[in-house]
Amino acid sequence: MQNLIIKGDNIKGLEYLLNERSLKSKIDLVYIDPPFATNSHFTITDERASTISSSRKGDVAYSDRLTGKQFIEFLRDRLLLLKELLSDEGSIYLHIDYKVGHYVKVMMDEVFGMNNFRNDITRIKCNPKNFQRTGYGNIKDLILFYSKSSKPIWNEPKEPYTPEDLVRLFPKVKKGRRYTTVPIHAPGETENGETSKAFKGLSPPKGRHWRTDVQTLEKWDEAGLIEWSSKGNPRKIIFADEQIGKRVQDIWEYKDPQSPTYPTEKNPDLLDRIIKTSSNPESIVLDCFCGSGTTLKSAHLLNRRWIGIDQSEQAIKATIGKLSALNCLLPKYEFISLR
């Protein structure tokens, strides 16, 4: 499939992908950053984007006028089509405001199933503000992450350890190498199997089993990878310098660009993480509220195929400009305008 930019209402665009391009169950990743039901206009003045503005000056990039039930139904109509387009290994990340996110989650539970809800990711979007208000300051929005099935594409992301992490998580030192130890048994008994047999004359504690077979435990011990306590309890040694990094948690700090060229433009590092984690090279990535094209650019640089849809003339202009700036890496794409 060739990369594709569609100008037009994204309902028509999604129907076009299903019916004319036969992409049902072919898309591995959807990221969307739809309007947040703010009842506001978003404008561009002198090539600078305003965050929220009702000014008469500047060109309107898009209007965010739907609120309440109308807004939820607007999203539902599109999510039902996106679900059809998602592959069985596909995932969707929906970026939304904290004021309406809980309503959107209930609706997404209905569309994708509560069992396919993966995460409610808190995204720190800005530095603390000192606006006067009755309530705490807001520095976050959220990303709702769902999958099409129980086995989505998942390339485990890792974050590097900080010096403080290394001291805290790997408090022991052996021959100049930092390490920690973990139990070699786990909850649950195994009546007949390798993980219930005795290791060095020890049986697993009551109600537990060895994490691996006894042969592997023997090899670990011979290699000096098991530490025995003064009471004779074995624990597996984990060296810091053999670990890729730490698990990514559900609070992400990816602040918005300070001088965006398009309203509500997102941090490209945020899109890089999502695309690397929930798609593979040559996967198709879809953003049907593509705005300035950040998703498409990240997908292209990460060797994914991509589709972007937006009805705003300003959005299409910004997207093509962002892709054109790649110069020698300029992607080939087809442009379609739907009426």
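Nothing here was measured: the structure is a model prediction, and the numbers come from that model.

(A) Expanded view of the overall build of the protein chain. Helices and strands together make up the secondary structure of the protein chain, namely eight helices and 20 strands. Relative to its 339 residues, the protein chain shows a buried fraction of 45%. Restricting the contact set of the protein chain to residue pairs at least 6 apart, pairs at least 24 apart contribute 69%. A total accessible area of about 18,600 Å² is found for the protein chain, and carbon and sulfur atoms account for 49% of it.

(B) Layout of the nonpolar core. Among the nonpolar cores identified, the biggest contains 39 residues, and Leu17, Leu79, Ile92, Val104, Met108 and Leu286 are the most heavily contacted of them. With eight residues, helix H2 (residues 68–85) is the largest single contributor of residues to this core. The residues contacting Leu79, other than those within four sequence positions of it, are Ile32, Ile92, Leu94, Met107, Met108, Val111 and Phe112. Listed in part, the 22 residues of the second largest apolar core include Tyr31, Ile143, Leu302 and Leu323.

(C) The pairing of strand E6 (residues 86–96), seen in detail. The element E6 is largely enclosed, with a buried count of nine among its eleven residues. Inspection of the sheet shows strand E2 (residues 27–32) paired to E6 by five bridges, in the parallel sense. In the sheet register, Tyr31 faces E6, and the bridge partner there is Tyr93. Bridge count for E6 against strand E8 (residues 140–147) is six bridges, and the pairing is antiparallel. In the sheet register, Leu94 faces E8, and the bridge partner there is Leu144.

(D) Quick peek at the sheet that holds E6. Pairing within the open sheet is mixed, and its nine strands lie in the order E17-E7-E8-E6-E2-E18-E19-E1-E20. What marks the edges here is a single partner per strand, and that holds for strand E17 (251–253) and strand E20 (333–337). Direction aside, neighbouring strands of the sheet carry axes that sit 15 degrees apart on average. The sheet contact formed by strand E1 (residues 3–7) and strand E19 (residues 305–310) spans four bridges and is parallel. Its bridge partner lying in E19, Lys7 is registered against Asp310. Where helix H6 (residues 268–278) meets the sheet, its contacts fall on E2, E6, E8 and E17, and the angle it forms with E2 comes to roughly 155 degrees.

(E) Highlighting the packing of H6 against helix H7 (residues 294–301). Interaxial distance between H6 and H7 falls to 9 Å at its minimum, and their mutual angle equals 55 degrees. Taken together, the axes of H6 and H7 are oblique relative to one another. The handedness of the crossing between H6 and H7 comes out as right-handed. Of the residues in H7, those touching H6 at Pro268, Leu271, Asp272 and Ile275 are Thr294, Thr295, Ser298 and Ala299. Looking at the contact of H6 with H7 residue by residue, the class counts come to four nonpolar, three polar and one charged.

(F) Spotlight on the environment of Pro281. Structurally, the position occupied by Pro281 is in the loop between H6 and strand E18 (284–287). For Pro281 and Phe71, which are 210 residues apart along the polypeptide, the C-alpha to C-alpha distance reads 34 Å. Here Pro281 is in contact with Asn303 and Arg304, once residues within four sequence places are set aside.

(G) Focus on the environment of Lys151. Within the secondary structure, Lys151 sits in the loop between E8 and strand E9 (158–159). Once the C-alpha coordinates of Lys151 and Glu89 are considered, the two residues, 62 residues apart in sequence, prove to be 6.0 Å apart. In this structure Lys151 touches Asp88 and Glu89, once residues within four positions along its chain are discounted.

(H) Fine view of H6. Leu270, Leu271, Arg273, Ile274, Ile275, Thr277 and Ser278 are the residues of H6 that are buried. Elements that come into contact with the buried residues of H6 comprise E2, E6, E8, E9, E17 and H7. Where H6 begins, one side-chain oxygen reaches toward the backbone nitrogen of Asp269, 2.9 Å away; that side chain belongs to Asn267.

Cut-off values and rules
Residues numbered from 1 in each chain as written. Predicted model: local features only at pLDDT ≥ 70, side-chain atom pairs only at ≥ 80, totals over all residues. Heavy atoms only, no water. Helix = DSSP H or I, 4+ residues; strand = E, 2+ residues; numbered from the N terminus. Buried < 20%, exposed > 50% of the residue type's maximum accessible area, 1.4 Å probe, protein only. Contact = heavy atoms within 4.5 Å. Areas by Shrake-Rupley, 256 points an atom, 1.4 Å probe, with all protein chains shown as cover. Core = buried A, V, L, I, M, F, W, Y, C linked by side-chain atoms within 4.5 Å. Pairing = 2+ DSSP bridges. Axes fitted to C-alpha atoms, helices over the stretch in contact; angles between N-to-C directions. Parallel < 35°, antiparallel > 145°, perpendicular 65-115°, else oblique. Left-handed = near helix turned anticlockwise from the far one by under 90°. Nonpolar A, V, L, I, M, F, W, Y, C, P; charged D, E, K, R; others polar. Polar contact = N/O pair within 3.5 Å; in protein donor to acceptor, adjacent residues only side chain to side chain.

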